[in-house]
Amino acid sequence: MSSVIRKPWFSRPADVAGRGWIIATRRALLALSLVALAGCSVVRLAYNQADTLLATWLDRQFDFDRTQSALVRDAATRWLAWQRRAQLPEMAATLAQVRRDWERPLGAADVCRWADRLPGWLDATWQQIRPDALAVARQLGPAQWTHLEAHFARERREQAEEAADQSPAERRQAQIDRLAERYERLLGPLDAAQRTRVGQLVDRLGDGSGWASERERQQQELLATLRQLPALPAADAAVQLDALWARWRTGTPAQRALREQTQQAHCQLLAELQASASPRQREHARRQWATWEADLRALAAD
């Protein structure tokens, strides 16, 4: 689903892809909350096909058998139906507040308050998908663990090869272009001074190597947990899966510091971009906030 629904403007510089069922839901929720999305028709089309997209994305990583594929697809359908009822209205209300806030000068703290809703949505999502995640995870076997491990290794190798093909200056420019594109979904084209400010944020946050090492650690942690679950009684398996989620939610001290630094930097940048926005950019953002709010309300009503 992440290939269709765009990332939020405050996404960290490196993707944390490929961490399985739990992270699939996290990415999907991130993509629906306070997001700079691609536009009305794409958002609705993607969400209405999200059960298929999510199941396909997971299958590429795990290579499910027919029974497991049916379980995952049914679970995704149930989760999305629940999210329409329980979360999309609240997300739409948040976007309505964001739209009102946009009409006054914003500071970094104002922007970060919008993102502060996300942890509660994530925790509610985990409680909703937890039984299905446990049921699927306990059915996995050695062939699927090997498939997932190979997927992780291939992903790391491709990322390393891509980085090796670029000079440091080219990598930096690619990061600037990607990040500027995310902000331009909200504001429209950035001017030269605004793009310079985006470049300064990229320089401040670095090349994403901290996220890459954290991603690999979590991949290994996921594999170790999945290999334990089938042999455990259901109650013990649930404890292990809950512990994995809690560790990921809390993060290591280094990861928490990196998250905080990244979010604060993006909050500050968006506040500065709002302050420097031209009348045309302000109107573009006004329309975008309203469109995303309307999208969520329409999806919740379907």
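Note that the structure is a prediction, hence the values are computed from the model and not measured.

Visitor: Whenever I open this one, the packing of aromatic side chains confuses me. Can you help?
Guide: Aromatic ring pairs are described here by two measures, namely the spacing of the ring centres and the angle between the planes. In this structure the tally under the stated criterion is 5 aromatic pairs. Three or more aromatic residues link up through ring pairs in this structure, and these residues are Trp102, Trp114, Trp289 and Trp292.

Visitor: Would you explain the state of the cysteines in this entry?
Guide: A covalent bond between the sulfur atoms of two cysteines is what we call a disulfide. Under the defined criterion, the tally for this structure stands at 1 disulfide. Disulfide pairing places cysteine 112 opposite cysteine 267 at an S-S distance of 2.2 Å. For the disulfide bridge between cysteine 112 and cysteine 267, the dihedral angle about the S-S bond is near 120°, and by the sign convention the bridge is right-handed. A residue pair is termed long-range when its members are at least 10 positions apart, and cysteine 112 in helix α6 (residues 108-115) and cysteine 267 in helix α13 (residues 253-276) qualify at 155 residues. Taken as a pair, cysteine 112 and cysteine 267 share a single burial class, namely buried.

Visitor: In this structure, what is going on with the environment of glutamate 103? I would like to understand it.
Guide: By the element assignment, glutamate 103 lies in the loop between α5 (88-101) and α6. Along the sequence, glutamate 103 and arginine 282 sit 179 residues apart, while their C-alpha atoms lie 8.8 Å from each other. A polar contact is formed between the side chain of glutamate 103 and the side chain of arginine 286, at a distance of 2.8 Å.

Visitor: So what exactly am I meant to see when it comes to the nonpolar core here?
Guide: Within soluble globular proteins, side chains that are nonpolar generally end up buried alongside one another. Of all hydrophobic cores here, the largest spans 70 residues; its most connected members are Trp102, Trp114, Leu186, Leu187, Leu226 and Trp289. Here this core gets 9 residues from one element, more than from any other, and that element is helix α7 (residues 118-137). Contact partners of tryptophan 102, with chain neighbours within four places excluded, come to Trp114, Leu186, Leu187, Leu270, Gln274, Arg282, Ala285, Arg286 and Trp289.

Visitor: Is there a simple way to think about unusual backbone geometry in this case?
Guide: The bulk of non-glycine residues show a negative phi, and the bulk of peptide bonds are trans. The backbone of aspartate 63 sits at a positive phi, close to 55°, despite the residue not being glycine. Mapped onto the elements of the fold, aspartate 63 is located in the loop between α3 (50-62) and α4 (66-86). By relative accessible area, which is 45% here, aspartate 63 ends up partly exposed.

Reading the values: the criteria
- Residues numbered from 1 in each chain as written.
- Predicted model: local features only at pLDDT ≥ 70, side-chain atom pairs only at ≥ 80, totals over all residues.
- Heavy atoms only, no water.
- Phe/Tyr/Trp six-rings, centres within 6.5 Å; stacked < 30°, edge-to-face > 60°.
- Disulfide = S-S within 2.5 Å.
- Helix = DSSP H or I, 4+ residues; strand = E, 2+ residues; numbered from the N terminus.
- Buried < 20%, exposed > 50% of the residue type's maximum accessible area, 1.4 Å probe, protein only.
- Polar contact = N/O pair within 3.5 Å; in protein donor to acceptor, adjacent residues only side chain to side chain.
- Core = buried A, V, L, I, M, F, W, Y, C linked by side-chain atoms within 4.5 Å.
- Contact = heavy atoms within 4.5 Å.

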